[in-house]
Amino acid sequence: MKLNIGKKNIPFLVILFFGVLLFTMGIANHYFFRTVTYDYGTYNFAFWDYSHFRISQNPTVPGTFLQDHFSFTLMYFVPVYWLFNWLTGTYTLILIQNAMILVAAWFSYKLVMLKSKNIWLGIGMMVYYFVLLGRYTTLGSDCNIAVISACMIPVFLYFFELKKYIYALIVLILALFSRENIPIWFIFIFIVLIIEHRKDKKVVLISLLGILISVVYFILLFKVFIPFIETTEKQFTLFNYSALGANPAEAIIYIINHPVESVKMFFINHLNDPRQDGIKSEFYWVYLLSGGFVLFFRPQYFIWFIPIVAQKVLNDSIYRWGISIYYSIEVVTLLPLSVFLILSEFKSKYLKYGLAIAVCIITTGVTINKLNPLNCRIPWTMHPDKERIYDKNFFTAEFNIRKVNDILKMIPDDGGVSASNHILPHLAQREFIHMFPSVRTAEYIVISVLDDNWLMSHDENEKYRKQYLTDPNWEIIAKEYPVVLLKKAGHQRYRFRRETMINKGTVKCNMEINDADSRKYIFANNEKTDTLAKISDEKARSGNHSLKLASANPSGMSVIFDDLGETKFIQISIWRSPGGATGNLVATYGKDFQKSINQSLVSDSAGWEKLELNFLLPEQKTAENFTVYLWNSGKEPVYFDDLVIKKY
């Protein structure tokens, strides 16, 4: 029986084939515990948090998700959470991202068809769209708003070319609010549209209006919106272009004043470290070979790549310069449209179709070659276990997935959890989740002995694992190599939610108020502590004084609560002077309970580091004193300021 597949059905078959491929890879990476806390665990928490109509502190990095990225992208998909998350769980964002990739592919196809009326070019464009290297290196980061926001661009361009300007405006607004780099990108997109439609005054005027909207939003974004949500603990840190300036305004001024130097930085290693030579050139060669050379036939299309390439190669991070992770996603979104819109203008069928076929074949070869880390300039940034579905190990795991998932099901949905790097993304849709070894308010710890926190050395990870595995306060309730689940020993679960925690009192001390008669410093609750001799005016975070602890007087600032009343939860924070790594914050309750911390995840613009303890108080049979004190375990002086103790 002869199978007759009409050419009109081929685009659907192409998108079906690559759709199945991408969905399979994304789902498999999560199923086989290859997704990581940064970004996927963080994204899952934020998505769950937004879907419950809150903007909470991020459990894995300082600040809220909105402070990290001024983006409303995840909020757009809150209805998807309530419709499907009961079924898809922590896979939902992977499904959303891949669905958006397919949407962008389809609208790119529709745009090529609109402009060329040539289905074979449309089919070729779609194949090319899916074989570009950046489509697969993106899987290394699991999920990112950069991917989703880039997918909106082909949709906008299609409606704009169709002259459905209301739809185009809606997509423009959604795109602008989706990520910080989008306004600048749209300025250059509209410039290309003006060149393409320079004979149509209406289109030119609408494009100029689009530029105005983009410029105004960009100014408001960095002058109003981002500063409005910044705090001393979390400030905007994504503008990392020190060669250009400290902020976008300084960068623009530098580019205007030094145009030649700015252009040179696109191609040279501007960090002046010879070990980083060749990273930028690898990126250019990969995408020039992968069809980019066609742009030389219509150089105007280079214009809309200027801002997205600049954000890559002018950054302070060498990892952004290259071909890995999602740092080329904007390029691989617009390159298919650019290449095939140019090919559609060729009059010679042989040249048109010959180049279309050549581009797809060469691109496939480049992609397969570069997915092998041995062929890459910085191989450690590639993730072959997540990017190469054709590898025999892609669908295998070093442990029993089903049994590990059975262990995770033992953790209540509202239970506070500390989880290791590859496990946390599976548990992140909850109110209290921490990345091990940060335990804080956790009632459960689930760790893999193969799963290190990448911020620490393997020896440090081992130290923390052994600490809790041998701690009598934690009992092992399940294990399946390499995963162990621990529960707080004898702990009766005290369930509370952020919105129902009642502040029973806040105690503050800024080292400024003293009782001269008793030679003591006074807390806001009239507690007196530390002699004036320990107070220094050498450094201060606020006011004029701080507490100085040196080897001669290593401990201080003890405040004792002899009656906690109904207090169940304590939050303590203090700021430590820059470089004061030996400064410790300690809390004790009776003889057997002690918590301490000397590692900081938050620092302010002056370099002062915030130490913070959060914990549930254990039940005590007899009245015990709760004590908070500071301690310097080193020889060099450490300064402390702005102590805050909150009781709930």
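So, here's what we can say about the structure.

Calculation rules
- Residues numbered from 1 in each chain as written.
- Predicted model: local features only at pLDDT ≥ 70, side-chain atom pairs only at ≥ 80, totals over all residues.
- Heavy atoms only, no water.
- Helix = DSSP H or I, 4+ residues; strand = E, 2+ residues; numbered from the N terminus.
- Buried < 20%, exposed > 50% of the residue type's maximum accessible area, 1.4 Å probe, protein only.
- Contact = heavy atoms within 4.5 Å.
- Areas by Shrake-Rupley, 256 points an atom, 1.4 Å probe, with all protein chains shown as cover.
- Phe/Tyr/Trp six-rings, centres within 6.5 Å; stacked < 30°, edge-to-face > 60°.
- Expected span 1.5 Å × (residues − 1).
- Arc of directions from axis to C-beta.
- Pairing = 2+ DSSP bridges.
- Axes fitted to C-alpha atoms, helices over the stretch in contact; angles between N-to-C directions.
- Salt bridge = Lys/Arg side-chain N within 4 Å of Asp/Glu carboxyl O.
- Patch = residues over 30% accessible without salt bridge, like charges linked within 9 Å, V, L, I, M, F, W, Y side chains within 5 Å.
- Parallel < 35°, antiparallel > 145°, perpendicular 65-115°, else oblique.
- Nonpolar A, V, L, I, M, F, W, Y, C, P; charged D, E, K, R; others polar.
- Core = buried A, V, L, I, M, F, W, Y, C linked by side-chain atoms within 4.5 Å.
- Left-handed = near helix turned anticlockwise from the far one by under 90°.

### Some words on the overall build of the protein
So, point 1. Helix and strand content of the protein: 24 helices and 19 strands.
So, point 2. Considering the protein as a whole, with its 648 residues, one finds that 54% of them fall into the buried category.
So, point 3. Excluding contacts between residues fewer than 6 apart, the proportion of contacts in the protein whose partners are at least 24 apart in sequence is 72%.
So, point 4. Counting only carbon and sulfur atoms, one obtains 60% of the accessible surface of the protein, whose full area is about 29900 Å².

### Observations concerning the packing of aromatic side chains
So, point 1. With the rule as written, the count across this model stands at 39 aromatic pairs.
So, point 2. Arranged with centres 5.7 Å apart and planes meeting at 45 degrees, the rings of Tyr 128 and Phe 340 form a pair that is tilted. Of the two residues, Tyr 128 sits in helix α7 (residues 119-131) while Phe 340 sits in helix α19 (residues 329-343), which places them 212 residues apart along the sequence.
So, point 3. Taking the relative accessible area as the measure of exposure, Phe 340 reaches 0% and is therefore buried.
So, point 4. Note on Phe 177 and Tyr 217: the rings are 4.9 Å apart at their centroids and 55 degrees apart in plane angle, and the pair reads as tilted. Linking Phe 177 in the loop between α11 (165-176) and α12 (182-196) with Tyr 217 in helix α13 (residues 201-229), this pair joins segments that are 40 residues apart in sequence.
So, point 5. A relative accessible area of 28% means that Phe 177 is categorised as partly exposed.
So, point 6. For Tyr 217, a relative accessible area of 6% gives the class buried.

### Describing helix α24 (residues 458-469)
So, point 1. Between the first and last C-alpha of α24 there are 16 Å, a value that for 12 residues agrees with the 16 Å anticipated at 1.5 Å per step.
So, point 2. Every buried residue of α24 is listed here: Asn 461, Tyr 464, Arg 465 and Tyr 468. Burial along α24 is one-sided: seen end-on, the buried residues are contained in an arc of 100 degrees. Projecting away from the buried face of α24 at angles above 90 degrees are the exposed residues Asp 459 and Lys 466.

### Observations regarding the sheet that holds strand β3 (residues 444-448)
So, point 1. In spatial order, the strands read β2-β1-β3-β5-β4; together these 5 strands make up an open sheet with mixed pairing. Two strands bound the open sheet, and with one partner strand each, they are β2 (433-435) and β4 (474-480). Averaged over all pairs of adjacent strands, the angle between their axes in this sheet comes to 20 degrees, without regard to strand direction.

### Some remarks on the pairing of strand β19 (residues 638-647)
So, point 1. Most of β19 sits inside the fold, with 9 of its 10 residues counted as buried.
So, point 2. Two elements, strand β11 (residues 546-549) and β19, share 3 bridges in a ladder whose sense is antiparallel. The partner of Leu 547 across the bridge, within β19, is Phe 640.

### A look at the environment of Gln 235
So, point 1. The topology assignment puts Gln 235 in the loop between α13 and α14 (248-257).
So, point 2. In the structure, Gln 235 is positioned 172 residues away from Gly 63 in sequence and 8.2 Å away in space, judged by C-alpha atoms.

### Structural notes on the pattern of salt bridges
So, point 1. A full pass over the atoms with the stated rule returns 18 salt bridges.
So, point 2. Its salt-bridge partner being Asp 200, residue Lys 163 comes within 3.1 Å of it at the nearest N-O pair. Remark: Asp 200 occurs in the loop between α12 and α13 and Lys 163 occurs in the loop between α10 (152-161) and α11; sequence separation between them is 37 residues.
So, point 3. Taking the relative accessible area as the measure of exposure, Asp 200 reaches 26% and is therefore partly exposed.
So, point 4. A salt bridge links Glu 282 to Lys 370, with the shortest nitrogen-to-oxygen separation between them at 3.0 Å. Taken as a pair, Glu 282 in helix α16 (residues 279-289) and Lys 370 in helix α20 (residues 349-370) lie far apart in primary sequence, 88 residues in all. Of the two residues, Glu 282 and Lys 370, both sit in the buried class.

### A look at a nonpolar patch on the surface
So, point 1. A contiguous nonpolar patch, built from Leu 209, Leu 212, Val 216, Leu 220 and Val 224 and spanning about 400 Å² of accessible area, is present on the exposed surface.
So, point 2. Relative to the elements of secondary structure, Val 216 occurs in helix α13.
So, point 3. Classification of Val 216 as partly exposed rests on a relative accessible area of 40%.

### Some details on the pairing of β11
So, point 1. Sheet analysis places strand β10 (residues 535-536) next to β11, joined by 2 bridges and oriented antiparallel. Across the sheet, Ile 535 pairs through a bridge with Leu 547, a residue of β11.

### Side note on the side chain of Thr 37
So, point 1. In this fold, Thr 37 is placed in helix α2 (residues 37-51).
So, point 2. Setting aside residues up to four positions removed in sequence, Thr 37 forms contacts with Thr 42, Thr 60, Ser 420, Asn 421, Leu 424, Pro 425 and Met 435.

### Digging into the side chain of Ser 536
So, point 1. Structurally, Ser 536 is set in strand β10.
So, point 2. Since its relative accessible area comes to 6%, Ser 536 is described here as buried.
So, point 3. Leave out the neighbours within four places in its chain, and Ser 536 touches Asn 544, His 545, Ser 546, Lys 548 and Tyr 639.

### Digging into the packing of helix α1 (residues 10-31) against α7
So, point 1. It is at 10 Å that the axes of α1 and α7 come closest, and there the two elements cross at 5 degrees. Taken as axis vectors, α1 and α7 run roughly parallel relative to one another. Seen from α1, the contacting residues are Ile 10, Pro 11, Val 14, Ile 15, Phe 18 and Leu 22; seen from α7, they are Ile 119, Trp 120, Ile 123, Met 126, Val 127, Phe 130 and Val 131.
So, point 2. Taken together, the residues of the contact of α1 with α7 break down into 13 nonpolar, no polar and no charged.

### Re unusual backbone geometry
So, point 1. Residues Tyr 38 and Asp 39 are joined by a peptide bond in cis, for which omega reads 20 degrees.
So, point 2. Going from Tyr 481 to Pro 482, the amide bond is cis rather than trans, its omega being 5 degrees.
So, point 3. Assignment of secondary structure puts Pro 482 in the loop between β4 and β5 (483-488).
So, point 4. Even without being glycine, Phe 33 reaches a positive phi, approximately 60 degrees.
So, point 5. Mapped onto the elements of the fold, Phe 33 is located in the loop between α1 and α2.

### As for the nonpolar core
Nonpolar side chains in soluble globular proteins generally cluster together in the buried interior.
So, point 1. Phe 130, Phe 156, Leu 157, Phe 186, Phe 340 and Val 446 are the most contacted members of the largest nonpolar core, which totals 148 residues.
So, point 2. In terms of residues, this core owes the most to one element, helix α6 (residues 92-116), which gives 12 residues.
So, point 3. Leave out the neighbours within four places in its chain, and Val 446 touches Leu 408, Ile 411, Val 417, Ser 418, Ala 419, Ser 420, Ile 423, Leu 427, Val 483, Val 484 and Leu 485.
So, point 4. In terms of nonpolar packing, the next biggest core, distinct from the first, is built from 19 residues, Leu 549, Leu 585, Phe 593 and Leu 611 among them.

### Section: the packing of α10 against α11
So, point 1. Here α10 crosses α11 at 160 degrees, and the two axes come no closer than 8 Å. For the element pair α10 / α11, the angle class is roughly antiparallel. Handedness of the crossing formed by α10 with α11: left-handed. Every residue of α11 that contacts α10 at Met 152, Val 155, Phe 156, Phe 159 and Phe 160 is listed here: Tyr 165, Tyr 167, Ala 168, Val 171, Leu 172, Leu 174 and Ala 175.
So, point 2. Split by residue class, the contact of α10 with α11 holds 12 nonpolar, no polar and no charged.

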